[in-house]
Amino acid sequence: QVQLVESGGGLVQPGGSLRLSCAASGSLFGFNDMGWYRQVPGKVRELVAGISRYGYTNYADSVKGRFTISRDNLKNTLYLQMNSLKPEDTAVYYCNARYPRDYWDWGQGTQVTVSS
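Caption draft 1: Examining the nonpolar core more closely. Of all hydrophobic cores here, the largest spans 28 residues; its most connected members are Trp-36, Leu-78, Leu-80, Met-82 and Tyr-93. Within the residue set of this core, elements represented by two or more residues are strand 3 (18–24), strand 4 (34–39), strand 5 (46–51), strand 7 (67–72), strand 8 (77–82), strand 9 (91–97) and strand 10 (110–114). When residues no more than four places from it in sequence are discounted, the contact partners of Tyr-93 are Glu-6, Leu-20, Trp-36, Tyr-37, Arg-38, Phe-67, Leu-80, Met-82, Gly-109, Thr-110 and Val-112.

Caption draft 2: Main features of the state of the cysteines. If you walk through the whole model with that rule in mind, you get 1 disulfide. Between the sulfur atoms of Cys-22 and its disulfide mate Cys-95 the distance is 1.9 Å. The chirality of the disulfide connecting Cys-22 with Cys-95 is right-handed, given an S-S dihedral of about 55°. Placement of Cys-22 in strand 3 and of Cys-95 in strand 9 is noted, with a sequence separation of 73 residues between them. Of the two residues, Cys-22 and Cys-95, both sit in the buried class.

Caption draft 3: Representation of the sheet that holds strand 4 in the model. One open sheet holds the 6 strands; their spatial order is 2-10-9-4-5-6, and the pairing between them is mixed. A strand with exactly one partner marks an edge of an open sheet, and here the two such strands are strand 2 (10–12) and strand 6 (57–59). Averaged over all pairs of adjacent strands, the angle between their axes in this sheet comes to 25°, without regard to strand direction.

Caption draft 4: Looking closely at the sheet that holds strand 1 (residues 4–7). Pairing in this open sheet of 4 strands is antiparallel, and the strands run 1-3-8-7 from one edge to the other. Of all the strands in the sheet, the pair left with one neighbour each is strand 1 and strand 7. For this sheet, the mean angle separating the axes of adjacent strands, direction not counted, is 15°.

Cut-offs and rules
Residues numbered from 1 in each chain as written. Predicted model: local features only at pLDDT ≥ 70, side-chain atom pairs only at ≥ 80, totals over all residues. Heavy atoms only, no water. Core = buried A, V, L, I, M, F, W, Y, C linked by side-chain atoms within 4.5 Å. Buried < 20%, exposed > 50% of the residue type's maximum accessible area, 1.4 Å probe, protein only. Helix = DSSP H or I, 4+ residues; strand = E, 2+ residues; numbered from the N terminus. Contact = heavy atoms within 4.5 Å. Disulfide = S-S within 2.5 Å. Pairing = 2+ DSSP bridges. Axes fitted to C-alpha atoms, helices over the stretch in contact; angles between N-to-C directions.

So this is what it looks like as structure tokens:
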């Protein structure tokens, strides 16, 4: 089992930037494709960015060109650089394995609020 701890969220104005981090315990992190997800109240959690264990990335259309996912397997840490933030990016952000079959228990997430 891997424990996931997200951090780096906060309140930012439209057009601003944030960098999220996800610290993973255990040695399984480097063997898994990983993803950043977000959820707003009343809606299904959605995948916004994924990265394979080899570093190949993919993004939801809504964040393509603005968000960048990366990972440091030596530090067991996943990152999400978010630029040009929009109010519709407001959500709780989570990290987990890329595919449901590999999911670990969800962490607490980190709140991102984009507002002027």
